[in-house]
Amino acid sequence: GHCGGARRRWEWDHPSALGELKGARLRVCVQRLQARALRRSEERMGLGGMPPKKKVKVEEKDKEEEEAKDQAAEGQGVPADAGVSLASTQMVVGGPEAPRLDLSGEGVEVFEYAPGAVLSESIEGGLKEGMLVRVEIDAKYLTTDNEAVKQRQCWGVDTYADSSDAVCIAVHSGLFTPTADQPKFAALILALRIHPAQVAHAASARNGFKTRSVAGAEHGGLSVRVEGCAFAKTAEDKTKLTRVLLRPTRPLCMSVRGNSTLADARIVFNLANEPAYKYSLSIVADRAPDARMWTSVKLKSSSLYMETSDGKRVELSYEEASEVEKPKFRLCEVPKPRSTDKKTLQGLGIPLPAGSVTAVKAGLDWSDIVWGVQGFSVKGTSYEVKCCFWLPNSSSVETA
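Described in the following lines is the structure provided in the data block. (Residues numbered from 1 in each chain as written. Predicted model: local features only at pLDDT ≥ 70, side-chain atom pairs only at ≥ 80, totals over all residues. Heavy atoms only, no water.)

Right, let's get into the overall build of the protein chain. Counting its regular elements, the protein chain contains 12 helices and 21 strands. In the protein chain, which comprises 400 residues, the proportion classed as buried is 41%. For the protein chain, the accessible area works out to roughly 22100 Å², and carbon and sulfur atoms hold 51% of it. (Helix = DSSP H or I, 4+ residues; strand = E, 2+ residues; numbered from the N terminus. Buried < 20%, exposed > 50% of the residue type's maximum accessible area, 1.4 Å probe, protein only. Areas by Shrake-Rupley, 256 points an atom, 1.4 Å probe, with all protein chains shown as cover.)

And the structure:
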């Protein structure tokens, strides 16, 4: 009773201090609740934030499964197609839904990376336009101590000069981030496509690495572009790997991994007075390493409709479903967007048939589509997007 009375007298004599104390306690409680809600939302979206106990259990389970597979391989022998199955399940990051690029066919040149080695001088017969080169980089070269990384021996952005160092290209493309320590995997496999010579290669700062600029007259060689990559856990896996993840680099692409950007998505009304998403990068950004969350893979089962600032509606969808090395996309204009609602579109069939749309661009590579803060551009043509929405395809598109 004495302590309670003294506390009440103190509260009576110091009202301002009491208010500040209660406000501080309230702020701490709010911060704790916000942090807890953020962790729970990240767990639901698969963006990390898994509690340590669950993570340990998952790691132990994965380890037990790997040991069981190793024991089964020792008892039954390794099958003849072990390289294909390994590349399609374990070695390619992104899961089974990710598109693949086959490196086992004829015409694929192999380049074993070594410091100071130039790609154009290491391929027998020289480089030719359209050639696909498999670059194998051992983990010991994937560090910040690499002399080429220190000297920034890389020219261009997205399309690089053929004299650029392969490790620098991988770093600038965001395929991995080098550190002073050697990575735990055995090798990085790059698939580089040879392109015609460029008039000039511009400098660019991306993923913590800045490339250099060079004019075509000073360079005089061809150019290269990254078409795929994969990580080999062991040296044996490097020889068995036959396919890599097909994911061309794209400028202005924002990853949503590790944050709650999707919470900023807003609902607006489209030209047909139906709910749609207000356009933002979070709607079209590739989310985490799970391929099912990539926009390019999502288009296998759905089509994206976007409405521009000049009152037009365009459809972005897969163009063809045949087994090709690289999936193709098409961009079409949908007529009468104000009088055509979602139900009408689905009645015509998704993607819309050729007779119901006006073709704008056909045969597009995913790298031809550049997403920006206010819209996107395709081969030099820009579109300012106000809102967008997805509609499921009438039948899922199967691609290679």
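There is more to say after this.
On to unusual backbone geometry. For the bond from I350 to P351, the omega torsion is -5°, close enough to zero to count as cis. On the secondary structure map, P351 appears in the loop between helix 12 (342-348) and strand 18 (358-364). Phi is positive for R152, which is not a glycine, with a value near 55°. When you line up the elements, R152 lands in the loop between helix 6 (147-151) and strand 4 (156-157). Judged by relative accessible area, R152 falls into the partly exposed class, the value being 27%. In the Ramachandran plot, K336 falls in the positive-phi region, its phi being about 50° despite a non-glycine side chain. Position of K336 relative to the elements: it lies in the loop between strand 17 (329-334) and helix 12. Look at K336 and you get exposed, because its relative accessible area is 62%.

Moving on: the nonpolar core. Counting residues in hydrophobic clusters, the biggest one holds 33 residues, and the most contacted among them are Y113, V133, V135, I137, L188 and L190. The biggest single contributor to this core is helix 7 (residues 166-172), with 6 residues. The contacts of I137, once residues within four sequence positions are left out, are Y113, L142, A166, V167, A186, A187, L188 and L190. Within the second largest apolar cluster, 22 residues are counted, among which are Y279, V314, L331 and W366. (Core = buried A, V, L, I, M, F, W, Y, C linked by side-chain atoms within 4.5 Å. Contact = heavy atoms within 4.5 Å.)

Let's shift gears to the state of the cysteines. Under the counting rule described, the total for this entry stands at 0 disulfides. C168 carries a free sulfur, and the closest cysteine sulfur to it, the one in C154, is 5.7 Å from it. (Disulfide = S-S within 2.5 Å.)

On to the packing of aromatic side chains, then. Following the criterion strictly, the structure yields 8 aromatic pairs and no others. Consider the rings of Y305 and F389, whose centres lie 5.5 Å apart with planes at 15°: the pair is stacked. Residue Y305 is located in strand 15 (residues 302-308), and its partner F389 is located in strand 21 (residues 381-392); the two are separated by 84 residues in the primary sequence. Note on accessibility: Y305 and F389 belong to one class, buried. Ring centres of W371 and F376 lie 5.3 Å apart, and the angle between their planes is 45°; on these two criteria the pair is classed as tilted. Classification of F376 by relative accessible area gives buried; the value is 5%. (Phe/Tyr/Trp six-rings, centres within 6.5 Å; stacked < 30°, edge-to-face > 60°.)

Here the structure, examined in full by the defined rule, presents 10 salt bridges. Note that R206 and D158 form a salt bridge whose closest N and O atoms lie 2.9 Å from each other. Of the two residues, R206 sits in strand 8 (residues 205-206) while D158 sits in the loop between strand 4 and strand 5 (159-161), which places them 48 residues apart along the sequence. For R206, a relative accessible area of 18% gives the class buried. Across the pair E384 and K386 runs a salt bridge, and its minimum N-O distance is 3.6 Å. Residue classification places E384 among the partly exposed residues on the basis of a relative accessible area of 38%. Each of E112, D138 and K238 takes part in salt bridges that share partners, so that together they form one network. (Salt bridge = Lys/Arg side-chain N within 4 Å of Asp/Glu carboxyl O.)

Here E307 lies in strand 15. Only 2.9 Å separates the side chain of E307 from the backbone nitrogen of L271, close enough to count as a polar contact. A distance of 2.8 Å separates a polar atom in the side chain of E307 from a polar atom in the side chain of R313. Each residue touching E307, except ones within four places of it in the same chain, is listed here: N270, L271, K312, R313, E384, V385, K386, C387 and F389. (Polar contact = N/O pair within 3.5 Å; in protein donor to acceptor, adjacent residues only side chain to side chain.)

Topologically, Y279 is positioned in the loop between strand 14 (275-278) and helix 10 (281-284). Here the alpha-carbon distance between Y279 and G375, two residues 96 residues apart in the chain, equals 7.6 Å. Leave out the neighbours within four places in its chain, and Y279 touches V284, W371, G372, V373, Q374, G375, V385, K386 and C387. Engagement of the side chain of Y279 in a polar contact is seen with the backbone oxygen of G375, the distance being 3.1 Å.

Next up on the list: a positive patch on the surface. Taken together, the side chains of R32, R36, R39 and R40 present a region of like positive charge at the surface. Note that R40 resides in helix 2 (residues 15-45). (Patch = residues over 30% accessible without salt bridge, like charges linked within 9 Å, V, L, I, M, F, W, Y side chains within 5 Å. Lys, Arg positive; Asp, Glu negative; His and termini not counted. Charge placed at Lys NZ, Arg CZ, Asp CG, Glu CD.)

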